[in-house]
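# Commentary on secondary and tertiary structure
Spelled out, the chains give:
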Amino acid sequence: MKEIIVIPTFYRQVKFYLRLSESMIDLGYDFKFFVYKLSLYLILKKRGANVFFIKKRDVDKDFIIDNKIIKETVEYKSKQMSLLQGEILYRATYSLLEKKVDKKNIYAMFIWNGSTIDQKAASFFAQKYNIKTLYFEIANIPGKIFIDKRGTNAQSEIYSNIKILDEYVFDESIYEKWKSIYLKNKLKSHVIPQKRSVRSDIQIRFLIDLLGSIFITRIGFNKNFMIYKIKQLINNVMYPLKYDSYDYKNKKNIFFPLQVSYDSQIVLNSSIDLLEAFKMVLDYAKKNNYDLVVKPHPQECNYSALVEFFKYKNEFILLNDNTFLLMKYAEEIWTINSTVGLEALIMGKKIKILGKALYKDFKGDYLKKYISSYLLNIDFFDKKDISMEATKNIINRLEDN
């Protein structure tokens, strides 16, 4: 069996990789999981997976890292972990990989996104031993997933060399048919896939991970961050959002969709934050006599995430309507690097990109090739088995390393 090391950080990633492992086992691939969250460890053990539990005691005291590495991670930038906590997780992940991975038999490593501390430690390990690696990410295009051999978003190979898309082909008629159906469905009802999964990613698993962090792994518990989250929940109950009434179909406006403030796209792939971007687009809208329409992200549709924006409440319109309808009737769409930007390109809308976006140089047929051929036909949120054709496409991309 060819061993594949898998580094999932969240529940949905574990569920996806378990589906993938089942489809790849008949082809001679065996998955080994490395996790530091107790809930993930218990799920994997229950499913009979080969899983290793990362703990503080795994740290090799002789292994030292540069603090700069931790400072460029999602957990540190979003204050989920302190510098010391981040160092412990990084060193523990790397040290356990050194102890448990047979470098002679390892075939590949699968890493989700690559922006979290455990994933960065795994990336360093893979680079050190020249291990073939694939990075996975949600594509937010129905039924498709992003896979790249260098990273995701602005860290991906396709971002640094867009001409990779020249190698891919597409069928114009098939793409146009897909686009027609896609826009028709989205204009009727637009539900972010992540929104459907939010409820399943919290509740009891959060408590399990908290207890595991305190009593077993001694990794990842940040009391100050927990206190902040509790205050956030209280504020959300005390100050429910009130949306405006606005005739966006008949008034000239610019649409600015908000992103998740702690997402890697904001904290790692942009030189400006959401508030700074908001001020830029507000200033532009005023100078050009446009109204400014703002929509919160479904995962941060709360008071705490918007409190700073409310200082300008009389200068913008807060809506929670169908994103595609808001884009359809907007004069322009401004974004830092949201998926909404890619969706705006599909609609043929005028767009302003403020951060590092994967699609920033999608010109000519690149958009069509990216959607039709570069993205793989796998539904991250599905519960069905992954097809053999999709599995072989993953292997083919791995073989390109």
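Owing to the predicted nature of the structure, the values given are computational and were not obtained by experimental measurement.

## Description of the pattern of salt bridges
Here the structure, examined in full by the defined rule, presents 15 salt bridges. A salt bridge links Glu-172 to Lys-368, with the shortest nitrogen-to-oxygen separation between them at 2.9 Å. Placement of Glu-172 in helix H8 (residues 172-188) and of Lys-368 in helix H17 (residues 366-374) is noted, with a sequence separation of 196 residues between them. Since its relative accessible area comes to 37%, Glu-172 is described here as partly exposed. According to the relative accessible area criterion, Lys-368 is buried, its value standing at 17%. Each of Glu-98, Lys-103 and Lys-128 takes part in salt bridges that share partners, so that together they form one network.

## Examining the pairing of strand E4 (residues 106-112)
Of all seven residues that make up E4, seven are buried, and the element is covered over most of its length. In terms of strand pairing, strand E1 (residues 2-7) meets E4 through five bridges, oriented parallel. Paired with Ile-7 across the bridge in E4 is Ile-111. Examined bridge by bridge, E4 and strand E5 (residues 132-138) share five bridges and lie parallel to one another. Along E5, the bridge assignment pairs Ile-111 with Tyr-135. In this view, the connection linking E4 to its parallel neighbour E5 by way of helix H6 (residues 117-128) has right-handed handedness.

## Regarding the sheet that holds strand E8 (residues 291-295)
With respect to topology, five strands assemble into an open sheet ordered E9-E8-E7-E10-E11, the strand pairing being parallel. With one partner strand each, in any of the chains shown, strand E9 (317-318) and strand E11 (351-353) form the two edges of the open sheet. Inspection of the sheet shows strand E10 (residues 332-335) paired to E11 by three bridges, in the parallel sense. Within E11, the position partnered with Ile-333 by the bridge is Ile-351. Across the sheet, helix H13 (residues 274-287) is in contact with strand E7 (253-257), E8 and E10; its angle to E7 comes to roughly 175°.

## Considerations on the environment of Tyr-366
Along the chain, Tyr-366 turns up in helix H17. Classification of Tyr-366 by relative accessible area gives buried; the value is 13%. Those residues in contact with Tyr-366 that lie beyond four places of it in its chain are Ile-162, Lys-163, Leu-165, Asp-166 and Asp-361.

## Observations regarding the packing of aromatic side chains
In the structure shown here, the tally under the stated rule is 33 aromatic pairs. Positioned above the aromatic ring of Tyr-107 is the side chain of Lys-2, whose terminal nitrogen or guanidinium carbon lies 5.0 Å from the ring centre. Across from the ring centre of Tyr-374, 4.4 Å away, lies the NZ or CZ of Arg-397, which sits over that ring.

## A word on the environment of Gly-212
Residue placement: Gly-212 occurs in helix H10 (residues 204-217). Since its relative accessible area comes to 1%, Gly-212 is described here as buried. Separated by 165 residues in the primary sequence, Gly-212 and Arg-47 place their C-alpha atoms 19 Å from one another.

## Remarks on the confidence of the model for the protein
Across the protein, pLDDT averages 92, with 96% of residues at or above 70. Note on residues 196-201: pLDDT under 50 across the span, and ten contacts to partners over four residues away in sequence or across chains.

## Notes on the sheet that holds strand E2 (residues 29-35)
Backbone-to-backbone hydrogen bonds join strands into a sheet, with any given pair of strands oriented parallel or antiparallel. Strand order in the open sheet made by the six strands is E3-E2-E1-E4-E5-E6, with mixed pairing throughout. Of all strands in the sheet, those with a lone pairing partner are strand E3 (50-53) and strand E6 (145-148), marking the two edges. When the angles between neighbouring strand axes are averaged without regard to direction, this sheet yields 25°. Contacting E2 and E3, helix H2 (residues 38-46) crosses the sheet at an angle of about 155° to E3.

## A word on unusual backbone geometry
Its identity as a non-glycine residue notwithstanding, Lys-79 has a phi of 65°, on the positive side. Considering the arrangement of structural elements, one finds Lys-79 in the loop between helix H4 (74-77) and helix H5 (83-100). With a relative accessible area of 64%, Lys-79 lands in the exposed category. Despite not being glycine, Asn-140 has its phi angle at roughly 60°, a positive value. Inspection of the secondary structure puts Asn-140 in the loop between E5 and E6.

Quick notes on the rules
Residues numbered from 1 in each chain as written. Predicted model: local features only at pLDDT ≥ 70, side-chain atom pairs only at ≥ 80, totals over all residues. Heavy atoms only, no water. Salt bridge = Lys/Arg side-chain N within 4 Å of Asp/Glu carboxyl O. Helix = DSSP H or I, 4+ residues; strand = E, 2+ residues; numbered from the N terminus. Buried < 20%, exposed > 50% of the residue type's maximum accessible area, 1.4 Å probe, protein only. Pairing = 2+ DSSP bridges. Right-handed = clockwise from strand over helix to strand, strands pointing away. Contact = heavy atoms within 4.5 Å. Axes fitted to C-alpha atoms, helices over the stretch in contact; angles between N-to-C directions. Phe/Tyr/Trp six-rings, centres within 6.5 Å; stacked < 30°, edge-to-face > 60°. Lys NZ or Arg CZ within 6 Å of the ring centre and 35° of its normal. pLDDT = per-residue confidence, 0-100.

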